[in-house]
Amino acid sequence: MLSVFRGNVVDLPTNYSLSYYWCSGFMISIFMVFQVVTGAILSFLYVADSELSFHCVMDLTNDSFSTWCIRYWHIWGVTILFILFFIHMGRALYYSSYTKKGVWNVGFILYLLTMFEAFLGYILPWHQMSYWAATVLTAIVQSLPVVGPSVYNYVVGGFSVTNVTLVRVFSAHVCLGFVILGLMIVHLFYLHASGSNNPLFSSFGYGDVVYFHSYFTVKDFFVLVVMCLFILLFLFVCPDLVVDTEGYLAADVLTTPVSIKPEWYFLVYYAMLRCIESKIGGLVLIVGWMFFLWVPTFNTSSSYSVTRQLVFWFICGLFVSLTYLGGCHPEYPYLLICKLFSFSLVAFMFIFKLFWSVRLLVKLY
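All of these numbers come straight from a predicted model, not from anything done at the bench.

**Digging into the overall build of the protein**
Then, in step 1: If you tally the helices and strands in the protein, you get 13 helices and two strands.
Then, in step 2: At 22 Å, the protein has a C-alpha radius of gyration in line with the 21 Å of a compact globule built from 365 residues.
Then, in step 3: When the backbone C-alpha atoms are referred to their principal axes, the protein occupies close to 65 × 50 × 40 Å.
Then, in step 4: The buried share of the protein, taken over its 365 residues, is 45%.

Put into structure tokens, the structure is as follows:
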């Protein structure tokens with residue numbers, strides 16, 4: 001056991017050119033552990049009942065300082081986790097880390113499962129926005145051809161989102177957290193089997209490597225301390241910054257919020273979904289974007305191509321813009337701009353992932 005630990009943490013040969021962007025993987029692992037620990041504590045105090053869940057969550061917030069800290073750390077932990085995910089995946093795209101298929105495939109599955117886990121957790125407080133966000137987003141499943149109604153009844157447990165849905169969501173949310181931790185270990189296994197990528201996109205011999213400890217452990221823990229201090233700052237200065245005002249209203253099936261929207265890390269997909277008049281059309285657009293985001297190709301690092309850098313930053317700009325537009329009211333001109341930006345995002349990702357690969361294949365043959 002000790003030799004496994006030393007081989008994977010202490011004496012692991014690592015390219016010394018790795019910058020602080022490579023700390024994001026370690027940070028995601030640590031914050032996922034934080035989320036599982038705080039979530040396990042909250043699960044002991046939570047009651048999965050449509051009549052009691054909202055009041056139970058409010059009692060956790062109001063009755064004890066310790067439970068208030070745990071709940072808000074859990075809330076802010078999700079926000080930090082997705083910020084780290086976007087940095088991690090952005091770095092992987094920029095430096096073409098998706099050429100390492102095992103690492104990339106498991107990492108992409110982790111991203112999808114984490115989004116699903118976050119959506120399940122957003123439903124649990126059973127406030128106005130969580131209830132109606134669940135109602136709107138689960139309706140997408142119902143719009144699937146042929147199997148849609150059957151799958152919807154199985155997922156929701158009836159004809160609409162009810163107490164049965166809440167119980168299923170709570171069970172899935174608790175179990176999925178441990179599945180994600182297991183997949184993170186698999187992701188780490190593939191990473192150590194293939195080796196980390198580096199800014200120079202080169203791995204020749206051992207002339208440019210150092211041991212992981214203490215050169216990189218010090219950098220990782222420094223970033224961890226800084227991030228924890230930032231969370232504590234936001235936690236005590238503006239804890240409700242990432243909480244919607246509808247989060248303090250109990251779910252009411254007879255009153256629909258003026259503007260239904262999910263959490264900020266889902267807004268880009270929400271903007272793409274609602275910019276198309278057909279639910280199936282919006283779903284196809286999202287699937288197209290996710291497919292081009294996932295597909296592993298054989299490109300060199302963007303460091304060696306100004307054109308690829310421009311395309312990459314266009315993608316980042318469109319992603320941030322759609323995140324903002326997803327929180328705007330669904331009306332003209334926001335819907336028109338969303339449609340334009342959504343198709344542009346898919347097109348630029350296609351170019352970034354496949355255009356240079358096609359050129360490389362043409363040169364080879």
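Moving on, there is more to tell.
**A short note on the nonpolar core**
Then, in step 1: Grouped together as the largest cluster of nonpolar side chains are 93 residues, with contacts concentrated most on Phe31, Met272 and Trp289.
Then, in step 2: Counting residues per element, this core draws most heavily on helix α4 (residues 65–94), at 15 residues.
Then, in step 3: Each of domain 1 (11–253) and domain 2 (261–364) gives at least three residues to this core.
Then, in step 4: Not counting residues up to four positions away in its chain, the partners in contact with Trp289 are Tyr269, Met272, Ile315, Phe319, Leu345, Val346 and Met349.

**Some words on the layout of surface pockets**
Then, in step 1: Its volume calculated, the second largest pocket comes out at about 1,000 Å³.
Then, in step 2: Every residue lining the second largest pocket is counted, 28 residues in all, and those nearest its centre are Phe116, Phe119, Leu137, Ile140 and Val141.
Then, in step 3: For the lining of the second largest pocket, the secondary-structure elements that each account for two or more residues are α5 (101–123), α6 (128–142), α7 (148–156), α8 (163–194), α10 (267–274) and α11 (279–294).
Then, in step 4: If you tally residues by element for the lining of the second largest pocket, the top one is α5, at six residues.
Then, in step 5: Split by residue class, the lining of the second largest pocket holds 25 nonpolar, two polar and one charged.
Then, in step 6: Two domains each put at least three residues into the lining of the second largest pocket: domain 1 (11–253) and domain 2 (261–364).

**Observations regarding unusual backbone geometry**
Then, in step 1: Cis peptide bonds are those with omega within 30 degrees of zero, and the linkage from Tyr332 to Pro333 qualifies with 5 degrees.
Then, in step 2: Relative to the assigned elements, Pro333 resides in the loop between α12 (306–326) and α13 (334–364).
Then, in step 3: Positive phi values are uncommon outside glycine, yet Ser96 reaches one of about 55 degrees.
Then, in step 4: Looking at the element boundaries, Ser96 is found in the loop between α4 and α5.

**Quick word on the domain arrangement of the protein**
Note on interface size: it is often stated as the accessible area lost on association of the parts.
Then, in step 1: Looking at the assigned domains, one finds that the protein contains domain 1 (11–253) and domain 2 (261–364).
Then, in step 2: When each unit is reduced to the centre of its C-alpha atoms, the spacing between domain 1 and domain 2 is 22 Å.
Then, in step 3: Listed as interface residues are 34 residues of domain 1 and, on the opposing side, 31 residues of domain 2.
Then, in step 4: For the pair domain 1 and domain 2, the two sides together bury roughly 3,000 Å², of which 71% comes from carbon and sulfur.

**Observations concerning the environment of Leu224**
Then, in step 1: Looking at the secondary structure, you find Leu224 in helix α9 (residues 212–237).
Then, in step 2: Residue Leu224 is classed as buried on the basis of its relative accessible area of 10%.
Then, in step 3: Taking C-alpha positions, Leu224 is 41 Å from Leu336, a pair spaced 112 residues apart along the chain.
Then, in step 4: Those residues in contact with Leu224 that sit more than four places away from it in its chain are Phe26, Met27, Ile30, Phe31 and Phe34.

**What to know about the pattern of salt bridges**
Then, in step 1: With the rule as written, the count across this model stands at one salt bridge.
Then, in step 2: Between Glu277 and Lys339 there is a salt bridge, and its shortest N-O distance comes to 3.4 Å. Of this pair, Glu277 sits in the loop between α10 and α11 while Lys339 sits in helix α13, and the two are 62 residues apart along the sequence.
Then, in step 3: By relative accessible area, which is 70% here, Glu277 ends up exposed.
Then, in step 4: By relative accessible area, which is 25% here, Lys339 ends up partly exposed.

**A word on the environment of Thr256**
Then, in step 1: In this fold, Thr256 is placed in the loop between α9 and α10.
Then, in step 2: Relative accessible area serves as the criterion here: at 46%, Thr256 is assigned to the partly exposed category.
Then, in step 3: Taking C-alpha positions, Thr256 is 8.0 Å from Gln128, a pair spaced 128 residues apart along the chain.

**Digging into the environment of Trp73**
Then, in step 1: Residue placement: Trp73 occurs in helix α4.
Then, in step 2: We classify Trp73 as buried; its relative accessible area is 15%.
Then, in step 3: Residue contacts for Trp73: discarding those within four places in its chain leaves Phe31, Phe34, Gln35, Thr38, Cys228, Ile231, Leu232 and Leu235.

**Brief notes about a nonpolar patch on the surface**
Then, in step 1: A cluster of nonpolar residues, Val33, Val37, Ile41, Phe44 and Leu45, forms a patch on the protein surface that exposes about 460 Å² of accessible area.
Then, in step 2: Mapped onto the elements, Val37 comes out in helix α2 (residues 24–45).
Then, in step 3: According to the relative accessible area criterion, Val37 is partly exposed, its value standing at 45%.

**Considerations on α10**
Then, in step 1: By the criterion of burial, α10 is predominantly enclosed, with eight of the eight residues buried.
Then, in step 2: Taken as a whole, α10 has its buried residues at Leu267, Val268, Tyr269, Tyr270, Ala271, Met272, Leu273 and Arg274.

**With respect to the packing of α2 against α8**
Then, in step 1: At a minimum axis separation of 11 Å, α2 and α8 run at an interaxial angle of 150 degrees. Between α2 and α8, the angle falls in the class roughly antiparallel. In this structure, the crossing between α2 and α8 has a hand that is left-handed. Residues Ile28, Ser29, Met32, Val33, Val36 and Ser43 of α2 form the contact with α8, whose participating residues are Phe170, Val174, Gly177, Phe178, Ile180, Leu181 and Met184.
Then, in step 2: Counted by class, the contact of α2 with α8 contains ten nonpolar, three polar and no charged residues.

Cut-offs and rules
- Residues numbered from 1 in each chain as written.
- Predicted model: local features only at pLDDT ≥ 70, side-chain atom pairs only at ≥ 80, totals over all residues.
- Heavy atoms only, no water.
- Helix = DSSP H or I, 4+ residues; strand = E, 2+ residues; numbered from the N terminus.
- Rg over C-alpha atoms; globule rule 2.2 N^0.38 Å.
- Buried < 20%, exposed > 50% of the residue type's maximum accessible area, 1.4 Å probe, protein only.
- Core = buried A, V, L, I, M, F, W, Y, C linked by side-chain atoms within 4.5 Å.
- Domains from an automatic or database assignment.
- Contact = heavy atoms within 4.5 Å.
- 1 Å grid on protein atoms, 1.4 Å probe; cavity = no way out; pocket = protein on both sides within 12 Å on 5 of 7 lines; lining within 4 Å.
- Points joined across faces, edges and corners; volume = space filled by probe spheres on them.
- Nonpolar A, V, L, I, M, F, W, Y, C, P; charged D, E, K, R; others polar.
- Buried area = accessible area lost by both parts, 1.4 Å probe.
- Salt bridge = Lys/Arg side-chain N within 4 Å of Asp/Glu carboxyl O.
- Patch = residues over 30% accessible without salt bridge, like charges linked within 9 Å, V, L, I, M, F, W, Y side chains within 5 Å.
- Areas by Shrake-Rupley, 256 points an atom, 1.4 Å probe, with all protein chains shown as cover.
- Axes fitted to C-alpha atoms, helices over the stretch in contact; angles between N-to-C directions.
- Parallel < 35°, antiparallel > 145°, perpendicular 65-115°, else oblique.
- Left-handed = near helix turned anticlockwise from the far one by under 90°.

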